[in-house]
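So the chains spell out like this:
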Amino acid sequence: MRVILGPMEGVLDHLMREMLTEINDYDLCVTEFVRVIDSLLPNSVFYRLCPELHQGGKTRSGTPVRVQILGQDPDWMAENAQRACSLGSAGVDINFGCPAKAVNKSRGGAVLLKEPERIYQIVKACRAAVNPVKPLTAKVRLGWDDPSQCFEIADAIAQAGADELVVHARTKEDGYRADTIKWDYIKQLKQQVKLPIIANGEVWNYQDGQSCLTATDTNALMVCRGALNLPNLGNVVKHDAPHMTWEEVLDLLLVYSQYEIKGDKGLYYPNRVKQWFSYLRHEYPQAKALFADLRALNKAAPIIEILQQAQQK
């Protein structure tokens, strides 16, 4: 069974990947998307979103990292896919699932689910441009507003030569509502498309992971939001490890604080740590209480002081 740490724009950055791969047995990480419009992006863009390229495309603990790209022009997507791989990325992932309005408005992400032919052209161009030994993968939702759209979408991706497909088992219109998850469609896809499929969506613990694997008939999962709710979700899902205690999470928060406050990243630290607390409070009642104490703070030092005081209690 494979477990992959998926991307979340502005949340699961390289610092979070670094930390979560230290404490979890993830098989792969996928970066936040590199936005491709009408140019070949400079190396610096790829290095900024994926500093792991300086380390052979792996986190310090050895987990491979795959750059994700997003855009709608097949030629420019292909050139940037080739560049990502030439810089050391462990393959390239193409984002056809992002539901953000700003992204969809400029014909990127999930809006392309309405255009299977365009998806085919993008994947085919990227596959032709990228070294055959590097995996080319795609991440999709089931469709824009109708889950049955997934069959034509997945067929287009398979025909274009992708190596693997991640399927978030909701449509774009479903958003992230828990009651809209449709794992059964992934099982149907498995029966119709000759392409390895990774299941994604609503995996929060070991039982969810087992239920998803059974319902989808897959042997690979991608986790995103759940990895922030429960920092050791990778090992929980993969090895039925016990959930991290709140005391262990506090220790991790202080490690994260040391990562984040170095250099100019410190300017963003208050927002980043509060953002993480907004996820942690779903799993830990203590996080909800502590969040009330620090939500109004906008400087790093007093936030760290509150975390240290909580650690000593």
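Above: the structure in question.
Read on for a plain summary of the structure. (Residues numbered from 1 in each chain as written. Predicted model: local features only at pLDDT ≥ 70, side-chain atom pairs only at ≥ 80, totals over all residues. Heavy atoms only, no water.)

What about the pattern of salt bridges?
Within this structure, the stated rule accounts for eleven salt bridges. Put simply, Asp25 and Lys238 hold a salt bridge, and the shortest N to O gap is 3.3 Å. In this pair, Asp25 sits in the loop between α1 (14-23) and β2 (28-35) while Lys238 sits in helix α10 (residues 233-239), placing the two residues 213 residues apart along the sequence. According to the relative accessible area criterion, Asp25 is partly exposed, its value standing at 36%. Using a relative accessible area of 18% as the deciding quantity, one classes Lys238 as buried. In this structure, Asp174 and Lys182 form a salt bridge, with 2.6 Å as the shortest nitrogen-oxygen distance. (Salt bridge = Lys/Arg side-chain N within 4 Å of Asp/Glu carboxyl O. Helix = DSSP H or I, 4+ residues; strand = E, 2+ residues; numbered from the N terminus. Buried < 20%, exposed > 50% of the residue type's maximum accessible area, 1.4 Å probe, protein only.)

Focus on the sheet that holds strand β3 (residues 65-70)
Taken in spatial order, the eight strands line up as β1-β2-β3-β4-β5-β6-β7-β8 and close into a barrel, and their pairing is parallel. Ignoring strand direction, the axes of neighbouring strands in this sheet form an average angle of 30°. Here four bridges tie strand β1 (residues 2-5) to strand β8 (residues 220-223), and the two strands are oriented parallel to one another. Its bridge partner lying in β8, Ile4 is registered against Met222. (Pairing = 2+ DSSP bridges. Axes fitted to C-alpha atoms, helices over the stretch in contact; angles between N-to-C directions.)

Quick look at the nonpolar core
By size, the foremost hydrophobic cluster in this structure holds 107 residues, and its most contacted members are Ile69, Phe96, Ile157, Leu253, Phe277 and Leu307. Per-element accounting of this core gives the leading share, eight residues, to helix α11 (residues 246-260). (Core = buried A, V, L, I, M, F, W, Y, C linked by side-chain atoms within 4.5 Å.)

Some details on the packing of helix α6 (residues 150-159) against helix α7 (residues 183-192)
Here α6 crosses α7 at 45°, and the two axes come no closer than 10 Å. With respect to each other, α6 and α7 are oriented oblique. The handedness of the crossing between α6 and α7 is right-handed. Side by side, α6 and α7 meet where Cys150, Phe151 and Ala154 of the first sit next to Tyr185, Gln188, Leu189 and Gln192 of the second. Taken together, the residues that form the contact of α6 with α7 break down as five nonpolar, two polar and no charged. (Parallel < 35°, antiparallel > 145°, perpendicular 65-115°, else oblique. Left-handed = near helix turned anticlockwise from the far one by under 90°. Contact = heavy atoms within 4.5 Å. Nonpolar A, V, L, I, M, F, W, Y, C, P; charged D, E, K, R; others polar.)

So, the packing of aromatic side chains
Counting across every chain of the model gives five aromatic pairs. Ring geometry for Trp246 versus Phe277: centroids 6.4 Å apart, planes at 75°, classification edge-to-face. Separated by 31 residues along the polypeptide, Trp246 in helix α11 and Phe277 in helix α12 (residues 269-280) bring together distant segments of the chain. The exposure class assigned to Trp246 is buried, which follows from its relative accessible area of 8%. Clustering of aromatic rings is evident, with ring pairs tying together Trp246, Phe277, Tyr284 and Phe291. If you follow Lys114 out to its NZ or CZ, it ends over the ring of Trp144, 4.1 Å from the centre. The ring of Tyr176 is capped by Arg141, whose NZ or CZ atom sits 4.9 Å from the centre of that ring. (Phe/Tyr/Trp six-rings, centres within 6.5 Å; stacked < 30°, edge-to-face > 60°. Lys NZ or Arg CZ within 6 Å of the ring centre and 35° of its normal.)

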